Amino acid sequence: MTETTITPAVLRDKLSAAKGPDAVARSAAEERNAALTKPPGALGRLEELALWYAAWRGDARPRIEAPQVVVFAGNHGVTARGISAFPPEVTVQMVANFQAGGAAVNQLARAAGARMEVVALELDRPTADFCEAPAMSDEDLAAALTAGWNAVDPQADLLVTGEMGIGNTTSAAAIALALYGGEAADWAGRGTGLDDEGVSRKAQVVAEAVALHAPETGFDTLRCLGGREVAAMAGAIARARCEGIPVILDGFICCAAAACLQAESAGALDHAIAGHGSAEQAHEALLGKLGKVPLLNLGLRLGEASGAALAIPLLKAALECHSGMATFAEAGVSGG
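Residues numbered from 1 in each chain as written. Predicted model: local features only at pLDDT ≥ 70, side-chain atom pairs only at ≥ 80, totals over all residues. Heavy atoms only, no water.

Help me understand the overall build of the chain, please; the structure alone is not making it clear to me.
Scanning the chain from N- to C-terminus turns up 15 helices and 5 strands. Taken over the C-alpha trace, the chain has a radius of gyration of 20 Å; the compact-globule value for 336 residues is 20 Å, and the two agree within 12%. Considered along the principal axes of its C-alpha atoms, the chain spans approximately 70 × 45 × 40 Å. Within the chain, the fraction of its 336 residues that count as buried is 54%. For the chain, the distance from the average site of its 25 positive side-chain charges to the average site of its 39 negative ones is 5 Å. (Helix = DSSP H or I, 4+ residues; strand = E, 2+ residues; numbered from the N terminus. Rg over C-alpha atoms; globule rule 2.2 N^0.38 Å. Buried < 20%, exposed > 50% of the residue type's maximum accessible area, 1.4 Å probe, protein only. Lys, Arg positive; Asp, Glu negative; His and termini not counted. Charge placed at Lys NZ, Arg CZ, Asp CG, Glu CD.)

Right, here's the structure in full:
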């Protein structure tokens, strides 16, 4: 069977046709929640998480049994401008570490009971320096979107996407500036550990790139200023939306990928929640633009899906309470 190439036009159509949450399942989940052995609202945000998840899965009493974590890796030509504290060779080395099970996200995925895959995207062919030309051609963008789309297991019941790519906080900052405006310094942070001079240089690069391309749509922003791994995350998040698979968003770079989808379709991220608020300086502002309140705030700034993977057990716990607790009638407890 021939797989569809996911071009921006194809993805727009798929997002436009994607179904929303199941209202019947949501109503039934609300009825169940109201009858559980607890005061109304006593579990706070855990209750809303359970209702949100139940609606997207079409099941009033769901549990998470098949979570999937996918880490995409790509290299960026803009690293030639000295915008990272690490050389681009680290991307290849870290992919090997992921594959050997030695990275932080490997441990967090295992602890959460999640299946994890790593998808390396032409690491020997970095994107173009986006201060000189668009980061990707139309064909490159379509290939990356397609790789992300095809990486999602339709049988998964939760998706987390992560990234590895030296230079990709610069890409994310440029995407945020192009989509939301402001000053480059508002969006350019320390990334992997830049000093003040490095952050200033990074902001200058971001401003120069956005001024050069002035992209007008979410997908054009992704093509001009993104990276293969950033585009692949967008493709995967969009596939999950079309399959009704809830998503936990990771940090600044993942949210920049997601922002390109939201720029194309207002409801593209209704199936997604924010796993954490990272220490990257602009992540809080980006979450605000997306309308997402993070589940955790632990000062993480690692990327590679680590914060979102850490949030999987929290969502699981919300569903265990919702689906496993007894109702007042079942427990023989007098209601309020």
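Is there a simple way to explain the packing of helix α3 (residues 45-57) against helix α14 (residues 306-324) in this structure?
Helix-helix packing: each pair is described by the crossing angle between the helix axes and the interaxial distance. Closest axis-to-axis distance for the α3/α14 pair is 8 Å, and the angle between their directions is 85°. Here α14 runs roughly perpendicular to α3, going by the angle between their axes. In contact with L46, L49, A50, L51, W52 and Y53 of α3, α14 contributes L314, L315, A318, L319 and H322. For the contact of α3 with α14, the class distribution of residues is 10 nonpolar, 1 polar and no charged. (Axes fitted to C-alpha atoms, helices over the stretch in contact; angles between N-to-C directions. Parallel < 35°, antiparallel > 145°, perpendicular 65-115°, else oblique. Contact = heavy atoms within 4.5 Å. Nonpolar A, V, L, I, M, F, W, Y, C, P; charged D, E, K, R; others polar.)

Any chance you could explain the side chain of T170 here in plain terms?
Among the secondary structure elements, T170 is positioned in helix α7 (residues 168-180). We classify T170 as buried; its relative accessible area is 0%. Those residues within four positions of T170 in sequence are excluded, and the remaining contacts are I83, F130, K202, V205 and V206.

What is the right way to read the layout of surface pockets from this model?
Rolled over the atoms, a probe sized like a water molecule indicates the empty space that remains. Volume-wise, the largest pocket comes out at about 540 Å³. Taken together, 30 residues form the lining of the largest pocket, with G191, T192, R301, L302 and G303 sitting closest to its centre. Of all the elements in the fold, those that place two or more residues in the lining of the largest pocket are α4 (89-99), β3 (158-164), α7, α12 (252-264) and α14. Size it by volume and the second largest pocket reaches roughly 150 Å³. Surrounding the second largest pocket, R45, E48, L49, W52, A272, I273, A274, G291, K292 and V293 form its lining. Of all elements in the fold, only α3 and β5 (272-274) reach the threshold of two or more residues within the lining of the second largest pocket. With 4 residues, α3 is the largest single contributor of residues to the lining of the second largest pocket. Here the residues of the lining of the second largest pocket sort into 6 nonpolar, 1 polar and 3 charged. (1 Å grid on protein atoms, 1.4 Å probe; cavity = no way out; pocket = protein on both sides within 12 Å on 5 of 7 lines; lining within 4 Å. Points joined across faces, edges and corners; volume = space filled by probe spheres on them.)

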